Amino acid sequence: MTTTMKETYPQLTDRIQSTFIDTILIVILMFVFANIVEKFENVPDWVRMVMFASLFIAYEPLCMTLGATLGNYLKGIRVRKNSDTTKRINLFQAIIRYPVKFLLRGVPF
């Protein structure tokens, strides 16, 4: 006996709330990074830029390889492979997915 599982996609409100949670987390991490940098004298500007850019560039792809960002996790949203929904996407797929999602902006919603 074969059972088919109907795929369900997250509601728009859940996606928006998830993005809001992730944004709040990134802002908090920016404040944490800023406070860490303030404790040192003469920190070059490029170090600050790398720290803040890494939050935006690395946060989502790294979290997606784990299956969800914090916002996704709290809202019950999981990112899985299209070919096998029981498996997570790999880092390469997450890195490719991020700029595509960014360029499409609201379309993924």
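Structural notes, computed from the coordinates. Quantities reported herein were computed from a predicted structural model and do not represent experimental measurements.

## Quick notes on a nonpolar patch on the surface
There is a patch of nonpolar side chains on the surface, built from F20, I24, I28, V32, I36 and F40 and spanning about 580 Å² of accessible area. Position of F20 relative to the elements: it lies in helix α1 (residues 12–38). With a relative accessible area of 56%, F20 lands in the exposed category.

## Some points on unusual backbone geometry
A positive phi is found at N42, a non-glycine position, where the angle reads about 55°. The class of N42 is exposed, set by a relative accessible area of 73%.

## Brief notes about the side chain of N72
Residue placement: N72 occurs in helix α3 (residues 70–75). Classification of N72 by relative accessible area gives buried; the value is 9%. Polar contacts involving the side chain of N72 include one to the side chain of S18, which spans 2.8 Å.

## A look at the side chain of S18
By the secondary structure assignment, S18 is in helix α1. When sequence neighbours within four positions are dropped, the list of residues in contact with S18 reads T69, G71, N72, K75 and I77.

## Things to note about the pattern of salt bridges
Tallied over the entire structure, the rule returns four salt bridges. The salt bridge partner of R97 is E60, with a shortest N-O separation of 3.1 Å. Within this pair, whereas R97 is found in helix α4 (residues 91–104), its partner E60 is found in helix α2 (residues 45–66), the two being separated by 37 residues in sequence. On the basis of relative accessibility, which here comes to 30%, the residue R97 falls in the partly exposed class. When the shortest N-O distance is used, the salt bridge between K87 and D84 registers 4.0 Å. You can call D84 partly exposed: its relative accessible area is 26%. Bridged by salt links that share partners, the residues E60, R97 and K101 form one connected network.

Rules used throughout
Along each chain, the written sequence defines residue order, and numbers are assigned to residues from 1. Under the rules for a predicted model, residues below a pLDDT of 70 receive no local features and side-chain atom pairs below 80 are neither given nor counted, while totals for whole chains, interfaces and linings still include all residues. Excluded from the side-chain calculations are hydrogens and water; all other atoms, namely the structure's heavy atoms, are used. For patches, a residue must show more than 30% relative accessible area and have no salt bridge; joins then use 9 Å for like charges and 5 Å for nonpolar side chains, namely Val, Leu, Ile, Met, Phe, Trp and Tyr. In these tables, accessible area is a Shrake-Rupley quantity obtained with a 1.4 Å probe, and a residue counts as shielded only by the protein chains included in the view. Criterion for a salt bridge: a side-chain nitrogen of Lys or Arg within 4 Å of a carboxyl oxygen of Asp or Glu. Strands here mean DSSP runs of E at least two residues long; helices mean DSSP runs of H or I at least four residues long; both are numbered from the N terminus. Here the term buried applies to any residue with accessible area under 20% of the maximum for its type, exposed to any over 50%, and partly exposed to those in between, with areas from a 1.4 Å probe on protein chains only. We define a polar contact as two N or O atoms separated by no more than 3.5 Å, with the added condition that, inside protein, one atom must be a possible hydrogen donor and the other a possible acceptor, whereas residues neighbouring each other in sequence contribute only through side-chain atom pairs. By the convention used here, residues are in contact when the closest approach between their heavy atoms is within 4.5 Å.

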